[in-house]
Amino acid sequence: MTARTLDRATVRAALEKTGSGWLLSYWGQDADKQLDKLVAQLKDFAQEYRRRFKETPDLLELVDVNPAKAAAFFQLDTLMASRTMKVMIWRLLLGSEIAELEFRYKADEPASFRIRLVTPYGEEETYQSNDASDFRILRHIGITGIGGQSTLQGYYAFKGSN
Amino acid sequence: MMIGGDDELLLAPANECIADVILRVCRLHWRGNPCVFEDADSDHTYPLSDPWVWKVGTTSREFFVYRSQADADLWERDGAVPINVNTMFHFMIGDPMPADPRFVEVGFAFDKRTAEIRRFIEALRSCLLSVMTQTPMPEAA
């Protein structure tokens, strides 16, 4: 159960606190309309997450408790991601590891994005999308390089987009 | 018998979730082991499978990561002894550097510089660098 409700005011405050307040300026007079749309998308994400994992992701709590992680979630790339990939991102923020990732794109054809996670409990979860805009989230993923081998790790805020 | 410690100083981007990066590299280093986290201000350990670690624990500025709860118990009971060499890592994340506030220093303390520790440092440095490249560095462009 969330302590605070996702609404126009709380999401506006979350954007401002996490460094994505520039979106409000960009939206200008349409800000309220865009905020309402965003609130609906975030509620949709929370509902899907609850359906799948029987718990509610508390986005607003994350803003207070861990602003650096909240900044990654409230950035445009994440906000524009499909509902499925938002769920995947939340799982990454909560410690899941990336076991496998495939992104396939060909002009004039649906994109194909598939990512397999291993949770901190060792369970496997697979997320799939055909939304090419999900490509944006790839630049938030960290990389550990060791002995010539790279391991994809975590989900972080992209400062260059602000 | 006490073991002489060693340490390494690393650079990381400020205002980023550095502890998250560190925990993930620790988990890779001790893959297959049930690592535990302990904030320096607390004597309570949490398994890395606990979501609290990733949501709240990763905001810590000073913490310990143990290879397992058994190792944490051994450290608690006996301190630094030969049997638990390099089974506990100590991390300290500094404030933004006055000379360049885009960075923070990360102190990493361990027992003995072995080949495994050198690989761990290499992995940690590369992951911190990958997070750093998500931060604009105009003069590097």
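Data block above holds the structure.
Read on for an overview of the structure. (Residues numbered from 1 in each chain as written. Chains lettered and ligands numbered in written order. Predicted model: local features only at pLDDT ≥ 70, side-chain atom pairs only at ≥ 80, totals over all residues. Heavy atoms only, no water.)

## Thoughts on unusual backbone geometry
Most peptide bonds adopt trans geometry, and most residues besides glycine take a negative phi value. Residue and element names in this part refer to chain A. A positive phi angle, near 60°, is found at K54, a position not held by glycine. With respect to the secondary-structure elements, K54 resides in the loop between α3 (31-53) and α4 (59-65). Take K54: its relative accessible area is 68%, and that puts it in the exposed class. (Helix = DSSP H or I, 4+ residues; strand = E, 2+ residues; numbered from the N terminus. Buried < 20%, exposed > 50% of the residue type's maximum accessible area, 1.4 Å probe, protein only.)

## Points about the pairing of strand β2 (residues 36-39) of chain B
All names here are of chain B. Here β2 shows two buried faces, one formed by V36 and E38 and the other by F37 and D39. Relative to strand β3 (residues 45-47), β2 runs antiparallel, the two being bridged by three bridges. Bridge pairing in β3 places E38 opposite T45. Remark: five residues form the turn of the hairpin made by β2 and β3, two consecutive strands paired antiparallel. Across four bridges, β2 lies against strand β4 (residues 62-66) in antiparallel orientation. (Pairing = 2+ DSSP bridges.)

## Some points on the nonpolar core
Grouped together as the largest cluster of nonpolar side chains are 43 residues, with contacts concentrated most on L15, L42, M88 and W90 of chain A. Breaking this core down by element, the ones donating at least two residues are α1 (8-17), α2 (22-27), α3, α4, α5 (67-73), α7 (83-93) and β2 (112-118) of chain A. A total of eight residues in this core trace back to one element, the largest contributor, which is α3 of chain A. Beyond its immediate stretch of four places on either side in the chain, L42 of chain A contacts L6, V11, L59, F73, F74, L79 and K86 of chain A. Formed by 35 residues, the second largest nonpolar core is a distinct cluster that contains Y156 of chain A together with V53, F91 and I117 of chain B. (Core = buried A, V, L, I, M, F, W, Y, C linked by side-chain atoms within 4.5 Å. Contact = heavy atoms within 4.5 Å.)

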